[in-house]
Amino acid sequence: MLAVSSAHAAEPALSAADTLSAAQRARPVLPKSSGPNVLRAQVLLDRAHFSPGEMDGAYGSNLRHAIRGFQKLNQLTVSGNIDAATWKALERDQAPVLGVYTVTARDVAGPYKPVPADMAGKARLPMLGYASLAEALGERFHCSPELLRRLNPGKKFSKVGEQLLVPNVGIMKPLPKAASVLVDAREGTLTLLDAGGTPFAQFPASTGSKHDPLPEGRWSVLGVATSPEYRYNPKLFWDAKAGETKARIAPGPNNPVGLAWIDLSIDHYGIHGTPEPGKIGKTQSHGCIRLTNWDVLQVVRSLGRGAAVLLQA
């Protein structure tokens, strides 16, 4: 039986996200909130194409930006908090927020291998695959491996046929084609817009640093590539280590540019994935625009050659 909502009641487990009482479901989501209702919000926003980034069941800056973007689109009060009106709009999507995934033989087989931190070590690998099944499933279901463990206490993530509770993101509808892209360094977001300039999808992004600031201006998409290899040139990095040389890094989710590269009409800049989804929107980049692997794959499918890209700091 679920805990009853009260000042002294224990917070229900994350696995209760679909079975909360009406009163528990109506709770606002605010800074410092955590638990199953926050996870509900993250899944519903993700399915509405206002990505909270790596889902973890806790309120953070990426969730705040996702809420604000959803509120703007739906002409709600833009607060970054989920109030009654925002819950009502989100809950037009009535599908369960959690689902059951059965681990397959292919999942268990991998292969999984630790990824070296240095470029020379990466260059020796024939593929930059996942380090563990928990990492692979986390990316598949848009969440941190730790969230999966909390949803599935006692599970080993190593047995064929093991059933796991996961965020129900497989029912997401594909995005329509975007006419343009807006990258806002101040907000830490990438937004897709239709031909009329209306935003319809938003993603958290890492967008540069004081050493490599975002190149403001209007650019365009030259092309897109999935599963790209990466050509490392230490001369392009202010923090390259002494003695490093050029290197070819094989494709894979743990490649430095992740699972996709969107080439922009400015030398050495693009929109790409990342091997560290938990850092998106929270750490700086080397100038390019980084998204989670699952978000960049959505963007790739929505963008075509020639799409306009506005970068603003």
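Residues numbered from 1 in each chain as written. Predicted model: local features only at pLDDT ≥ 70, side-chain atom pairs only at ≥ 80, totals over all residues. Heavy atoms only, no water.

Here the focus is the overall build of the chain. When you go through the chain residue by residue, the secondary structure sums to nine helices and twelve strands. Computed over C-alpha atoms, the radius of gyration of the chain comes to 20 Å, within 12% of the 20 Å expected from 2.2 N^0.38 for 313 residues, which places it in the range of a compact globule. For the chain, the C-alpha atoms occupy an extent of roughly 60 × 50 × 30 Å along the three principal directions. Taking all 313 residues of the chain together, the buried fraction comes to 49%. Across the chain, the fraction of contacts at a sequence separation of at least 24, relative to all contacts at a separation of at least 6, is 59%. For the chain, the accessible surface area stands at approximately 15100 Å², while carbon and sulfur atoms represent 55% of it. Seen as two clouds, the 35 positive and the 26 negative side-chain charges of the chain have centres 2 Å apart. (Helix = DSSP H or I, 4+ residues; strand = E, 2+ residues; numbered from the N terminus. Rg over C-alpha atoms; globule rule 2.2 N^0.38 Å. Buried < 20%, exposed > 50% of the residue type's maximum accessible area, 1.4 Å probe, protein only. Contact = heavy atoms within 4.5 Å. Areas by Shrake-Rupley, 256 points an atom, 1.4 Å probe, with all protein chains shown as cover. Lys, Arg positive; Asp, Glu negative; His and termini not counted. Charge placed at Lys NZ, Arg CZ, Asp CG, Glu CD.)

Mean pLDDT for the chain: 91, with 92% of residues reaching 70 or above. Every residue in residues 1-9 is under pLDDT 50, and counting partners more than four places away or in other chains gives ten contacts. (pLDDT = per-residue confidence, 0-100.)

As summarised here, the arrangement of the eight strands in space is S5-S4-S3-S12-S6-S9-S10-S11, forming an open sheet in which the pairing is mixed. Edge positions in the open sheet fall to strand S5 (199-204) and strand S11 (289-290), since each of these has one partner strand only. Taken together, the four bridges between strand S6 (residues 217-226) and strand S12 (residues 308-312) define a ladder with antiparallel strand orientation. What sits directly across from Ser220, in S12, is Ala308. Packing of helix H3 (residues 61-73) onto the sheet brings it into contact with strand S4 (189-193) and S5, and relative to S5 it is tilted by some 175 degrees. Taken strand by strand, helix H9 (residues 293-302) contacts S4, S5, S6, strand S9 (260-264) and strand S10 (270-272), and its axis lies near 50 degrees from that of S9. (Pairing = 2+ DSSP bridges. Axes fitted to C-alpha atoms, helices over the stretch in contact; angles between N-to-C directions.)

Next up on the list: the side chain of Thr189. For Thr189, the location among the structural elements is in strand S4. The class for Thr189 is buried, based on a relative accessible area of 7%. With near-sequence residues (within four places) excluded, Thr189 lies in contact with His65, Leu182, Val183, Asp184, Gln202, Phe203 and Ala205.

On to the nonpolar core. Nonpolar side chains in soluble globular proteins tend to be buried together. Among the nonpolar cores identified, the biggest contains 36 residues, and Val29, Leu45 and Leu137 are the most heavily contacted of them. Elements with a contribution of two residues or more to this core: helix H2 (36-47), H3, helix H4 (84-90), strand S1 (98-102), helix H7 (133-140), helix H8 (145-151) and strand S2 (163-167). What Leu137 contacts, discounting residues up to four positions off in sequence, is Tyr101, Leu148, Phe157 and Leu164. (Core = buried A, V, L, I, M, F, W, Y, C linked by side-chain atoms within 4.5 Å.)

Turning our eyes to something else, we now look at the pairing of S12. Alternating positions in S12 separate cleanly, Val309 and Leu311 being buried on one face and Ala308, Leu310 and Gln312 remaining unburied on the opposite face. Bridging between strand S3 (residues 180-184) and S12 involves five bridges; their strand directions are parallel. From the neighbouring strand, Val181 faces S12, where its bridge partner is Val309.

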